[in-house]
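# Observations on the model geometry
Listed here are the chains, written in short residue letters.
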Amino acid sequence: QVQLVESGGGLVQPGGSLRLSCSASGSIFSNYAMGWYRQAPGKQRELVALITSGGSTNYADSVKGRFTISRDNAKNTVYLQMNSLKPEDTAVYYCNTRWGGSIVTMPGPYWGQGTQVTVSS
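Residues numbered from 1 in each chain as written. Predicted model: local features only at pLDDT ≥ 70, side-chain atom pairs only at ≥ 80, totals over all residues. Heavy atoms only, no water.

## Looking at the nonpolar core
Counting 28 residues, the largest nonpolar core has Met34, Trp36, Val78, Leu80, Met82 and Tyr93 as the members making the most contacts within it. For this core, the secondary structure elements donating two or more residues are strand E3 (18-25), strand E4 (32-39), strand E5 (46-51), strand E7 (67-72), strand E8 (77-82), strand E9 (91-99) and strand E11 (115-119). Take this core: its biggest share by element is 4 residues, from E3. If we ignore the near neighbours within four places in the chain, the residues touching Tyr93 are Glu6, Leu20, Trp36, Tyr37, Arg38, Val48, Phe67, Leu80, Met82, Gly114, Thr115 and Val117. (Core = buried A, V, L, I, M, F, W, Y, C linked by side-chain atoms within 4.5 Å. Buried < 20%, exposed > 50% of the residue type's maximum accessible area, 1.4 Å probe, protein only. Helix = DSSP H or I, 4+ residues; strand = E, 2+ residues; numbered from the N terminus. Contact = heavy atoms within 4.5 Å.)

Here is the structure:
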């Protein structure tokens, strides 16, 4: 069983930055692919970014060049650095994981509780 806890959400003005963190417990973190997903009101949950156990990354087209996903295996933590935020980035952001996952097999079965990101002036 894997437990995921997100943090770092909040209210930010357009053009601002936030860094989300997701701490994992319960298994060997380095073997897991980690992903960030988001869900805005009235919309389906969508992939934002993911990073595999080998360090390969994938991003949604809407966030390329603005968001960066990274992981610290020593701290069992994955990060999402979000720059140049736009109002359309407003959503609940969820952390997700799968053992040995890839862009094809994500999302995995484990989800965090979500953290709200609101971009507004």
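## Let's talk about the sheet that holds E8
The strand order across the open sheet formed by 4 strands is E1-E3-E8-E7, and the pairing between neighbours is antiparallel. Looking at strand neighbours, the two that pair on one side only are strand E1 (3-7) and E7, the edges of this open sheet. Between one strand and the next, the sheet's axes are offset by a mean angle of 15 degrees, whatever the strand orientation. Of the strand pairs in this sheet, E7 and E8 are connected by 6 bridges, and their pairing is antiparallel. (Pairing = 2+ DSSP bridges. Axes fitted to C-alpha atoms, helices over the stretch in contact; angles between N-to-C directions.)

## Things to note about unusual backbone geometry
Of note, the amide linkage connecting Met106 to Pro107 takes the cis form, showing an omega dihedral of 5 degrees. Looking at where Pro107 falls in the secondary structure, it is placed in the loop between E9 and strand E10 (110-111). Look at Asn76: it is not a glycine, yet its phi comes out positive at around 55 degrees. With a phi close to 50 degrees, Ser84 is a non-glycine residue in the positive phi region. Its location among the elements puts Ser84 in the loop between E8 and E9.

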